Amino acid sequence: MSEKIATREAYGKALVELGASNDKIVVLDADLAGATMTKFFKAAYPDRFFDCGIAECNMMDVAAGLSTMGLIPFCSTFAMFGAGRAYEQIRNSIAYPRFNVKICCSHAGVSVGEDGGSHQSIEDIGLMRMIPGMTVIVPADGNEARKATFALAQMEGPAYLRTARLASPVFEQDYPFEIGKANVLREGKDAAVFACGLMVSETLEAAELLAAEGIHISVINVHTIKPIDAACVTKYAQKCGNVVTVEEHSVIGGLGDAVADVLMGKVNCKFRKIGINDCFGQSGKAKDVLREYGLTADQIAAKIKETL
Amino acid sequence: MNTAELSCICKQVRRDIINMTANAGSGHPGGSLSATELMTTLFFRQMRIDPKNPKDPNRDRFVLSKGHSAPCYYAVLAERGFISRDEFTNFRQLHSILQGHPDCKKVPGVDASTGSLGQGCSIAVGMALGAKHQGQDVKVYTLLGDGECQEGQIWEAFMSAAHYKLDNLTVIIDNNGLQIDGRNDEVMSLGDLPAKLRAFGFDLHEIDGHDLDAIAAALDAPAASGKPKCILAHTVKGKGVSFMEDQVGWHGKAPNEEQRQQALKELED
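Keep in mind that what you see is a predicted model, and the values were worked out from it rather than measured.

A. Region of the structure containing the domain arrangement of chain A. Residue and element names in this part refer to chain A. Taken domain by domain, chain A consists of domain 1 (4-169) and domain 2 (183-307). Of note, the centres of domain 1 and domain 2, computed from C-alpha atoms alone, are 25 Å apart. Between domain 1 and domain 2, the contact holds 32 residues from the first and 34 residues from the second. Together, the buried faces of domain 1 and domain 2 total about 2,400 Å²; carbon and sulfur atoms form 58% of this surface. Together, Val 110, Ile 122 and Arg 129 form the three largest contributors to the area buried by domain 1 at its contact with domain 2, with a combined 28%. Summed over the shared surface of domain 1 and domain 2, the number is 1 salt bridge. A salt bridge links Arg 129 to Asp 261, with the shortest nitrogen-to-oxygen separation between them at 2.7 Å. One can count 20 residue pairs in polar contact (both at pLDDT 80 or more) joining domain 1 with domain 2.

B. A look at the interface of chain A and chain B. Counting residues at the interface gives 27 residues for chain A and 27 residues for chain B. Surface buried jointly by chain A and chain B totals about 2,100 Å² across both partners, of which 55% is contributed by carbon and sulfur atoms. Inspection of the region where chain A meets chain B yields 15 residue pairs in polar contact (both at pLDDT 80 or more). Of all the elements in the fold, those that place two or more residues in the side of chain A that touches chain B are β3 (49-51), α4 (56-68) and α6 (87-95) of chain A. Of the residues in the side of chain A that touches chain B, the class split is 13 nonpolar, 6 polar and 8 charged.

C. Expanded view of the UniProt feature "domain: Transketolase N-terminal" (unreviewed entry) in chain B. Here, UniProt's "domain: Transketolase N-terminal" (unreviewed entry) annotation points to residues 12-262 of chain B. A helix fraction of 37% and a strand fraction of 13% characterise residues 12-262 of chain B, whose end C-alpha atoms lie 15 Å from each other.

D. Representation of the sheet that holds strand β13 (residues 242-250) of chain A. Residue and element names in this part refer to chain A. Taken in spatial order, the 5 strands line up as β9-β11-β10-β13-β14 in an open sheet, and their pairing is mixed. Edge positions in the sheet fall to β9 (183-186) and β14 (270-276), since each has one partner strand and no second. Direction aside, the axes of adjacent strands within the sheet are offset by 25° on average. Here β13 pairs with β14 via 6 bridges, running parallel. For Asn 242, the partnering residue across the bridge sits in β14 and is Lys 270. Against the sheet, helix α9 (residues 199-211) contacts β9, β10 (191-195), β11 (217-221) and β13, and its axis sits at roughly 170° relative to β11. The strands touched by helix α13 (residues 297-307) within the sheet are β10, β11, β13 and β14, with β14 carrying the most contacts at an inclination of about 155°.

E. How the structure looks around the sheet that holds strand β2 (residues 140-145) of chain B. Residue and element names in this part refer to chain B. If you walk across this open sheet you meet the 5 strands as β1-β2-β3-β7-β6, and the pairing is parallel. The open sheet has two edge strands with one neighbour each: β1 (61-64) and β6 (203-208). On average, adjacent strands in this sheet sit at an angle of 20° to one another, irrespective of strand direction. Looking at chain direction, β1 and β2 are connected through 4 bridges and run parallel. Looking at β2, one finds that Val 63 is bridged to Thr 142.

F. Spatial organisation of α13(A). Those residues of α13(A) that sit buried are Ala297(A), Gln299(A), Ile300(A), Ala301(A), Lys303(A), Ile304(A) and Thr307(A). As for α13(A), its buried residues are in contact with β10, α9, β11, β13, β14 and α12 (286-292) of chain A.

G. Main features of the packing of aromatic side chains. All names here are of chain B. Counted under the stated rule, the structure contains 12 aromatic pairs over all chains. Seen in terms of ring centroids, Phe 43 and Phe 62 are 5.4 Å apart; in terms of plane orientation they differ by 80°. Their pairing is edge-to-face. Placement of the pair is Phe 43 in helix α3 (residues 36-46) and Phe 62 in strand β1, with a sequence separation of 19 residues. Pair check on accessibility: Phe 43 and Phe 62 agree, each one buried.

H. A look at the environment of Leu143(B). Residue and element names in this part refer to chain B. By the secondary structure assignment, Leu 143 is in strand β2. Each C-alpha atom of the pair Leu 143 and Ile 123 lies 12 Å from the other, and the pair is 20 residues apart in sequence. Discounting residues that sit within four places of it in the chain, Leu 143 has contacts with Ala 35, Leu 38, Met 39, Phe 62, Val 63, Leu 64, Ser 65, Lys 66, Glu 148, Ile 172 and Asp 174.

I. Here's a closer look at the packing of α3(B) against helix α4 (residues 70-79) of chain B. Residue and element names in this part refer to chain B. As a packed pair, α3 and α4 sit with axes 10 Å apart at the nearest point and diverge in direction by 30°. The angle between α3 and α4 places the two elements in the roughly parallel class. Regarding α3 and α4, the two cross each other, and that crossing is right-handed. When α3 is examined against α4, the residues Thr 36, Met 39, Thr 40, Phe 43 and Phe 44 are found in contact with a partner set consisting of Cys 72, Tyr 73, Val 76, Leu 77 and Glu 79. In the contact of α3 with α4, the residues fall into 7 nonpolar, 2 polar and 1 charged.

The rules behind the values
Residues numbered from 1 in each chain as written. Chains lettered and ligands numbered in written order. Predicted model: local features only at pLDDT ≥ 70, side-chain atom pairs only at ≥ 80, totals over all residues. Heavy atoms only, no water. Domains from an automatic or database assignment. Contact = heavy atoms within 4.5 Å. Buried area = accessible area lost by both parts, 1.4 Å probe. Salt bridge = Lys/Arg side-chain N within 4 Å of Asp/Glu carboxyl O. Polar contact = N/O pair within 3.5 Å; in protein donor to acceptor, adjacent residues only side chain to side chain. Helix = DSSP H or I, 4+ residues; strand = E, 2+ residues; numbered from the N terminus. Nonpolar A, V, L, I, M, F, W, Y, C, P; charged D, E, K, R; others polar. UniProt positions renumbered as here; feature names shortened; annotations may be inferred. Pairing = 2+ DSSP bridges. Axes fitted to C-alpha atoms, helices over the stretch in contact; angles between N-to-C directions. Buried < 20%, exposed > 50% of the residue type's maximum accessible area, 1.4 Å probe, protein only. Phe/Tyr/Trp six-rings, centres within 6.5 Å; stacked < 30°, edge-to-face > 60°. Parallel < 35°, antiparallel > 145°, perpendicular 65-115°, else oblique. Left-handed = near helix turned anticlockwise from the far one by under 90°.

What follows is the structure, encoded as structure tokens:
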């Protein structure tokens, strides 16, 4: 893992590629094109880019209308203002009628950094996965963000893509991407560790630290939170007996709960959720904020060790 | 279709509204009755639609932003041949296609699921924008409540309709002056609504929303190039049923059997 790229940037560049092959793709943003990285699409296809101004609720419903005309809208803003402010528009005007709108929100999680707690969405995975029929994807690296963007254009129906502000390592191996199919990145018998987003690379690093101590964990990248890969989750929970989830999100409602929902009453295992412990984030350098909330590799390794 | 024929259909629509809400024991007769002439004119005279091909990509679009006026919508759709009148008895019942608020997955002829106020106008903006973007000759109509205009998103939608120069969009406001808790002016005054609509960039037409000729004239008025049209239709909530007219209590209450009979008597041809 050497090269670094933010998943939001990989998303933005993938949109341009998509736009070249499919003229039904239109992109909407709420005055944040420079940050969500839809600016690349805006530059390449200005006639297919609609800036909706600082009015996210209207943007979601305009996207709903565009989708009924046979277009495939990709709607971007920050996770706080998309999944947060426009929640009900997404729920009632996009998901309820099963319109083909892709909600692609960047700046999720506490790694937003300096902007502080008001801008650090730690609830969006929960909000989106609660909506019936909503597909929820959290890519772990640039390659995956690109593939996820293409996969969203291929699938019919509403979907949420969560990307991060922070540049993160690109995995050396290029994994296949299929919506709803988790990727096992590392095999180990002592614990099954399910992670998503930025936490996948941190967990892989944690796995190295633990291996040096003779503890071997499986690391599973659950890029699709919904529909979750129940078969894979069950298999690795049974195999390892110890289950840990790692996410840059509240421990309430996110990946941890999605994994628990699969295992509850079916698999006997120890279970621990690593994430934001029901509190708001704060300003700071991204790395410092992640450390403050216990989401760096060494901290994750220590918590996994405690669980065994 | 001439005015007399339209007027006759309006009577039938009103009877259906009364029967549907009375059968269900719930629903919104007041705002359905105020919207009757507006929606009947749209579906029978104005819009390019085909009940045999409800998904025709080149059809005109309609969004009932004030989704609680579903009884009026269903009555008009049935009269126009999109759905069977047999469905009326299932209105608001389990497994019915006729949900309390319109569900476009269930009802042929319904272009958007609505009911949560403030959202339909934005959806209509998206439709009009999509039509323009693809060079389609498609007109988009949306019907809003005046109380609904208290939602901030409505003004976001208005702003964007003007910004995108959507002269293929017609926003109709069913201005009956009442909402659940009382008169609009008591609950939350919209102030000088015509001035605000003009200021937001609309080509504004103010009419009597029960005058079929006036509705037709406003709809027929050529679009001002690059400007969305707004028809501010002054209406009476509960129109056509004497004891419901301009009575706030009939926003979301169904008539009982005695009231049904009295209403139907008043609505006889």
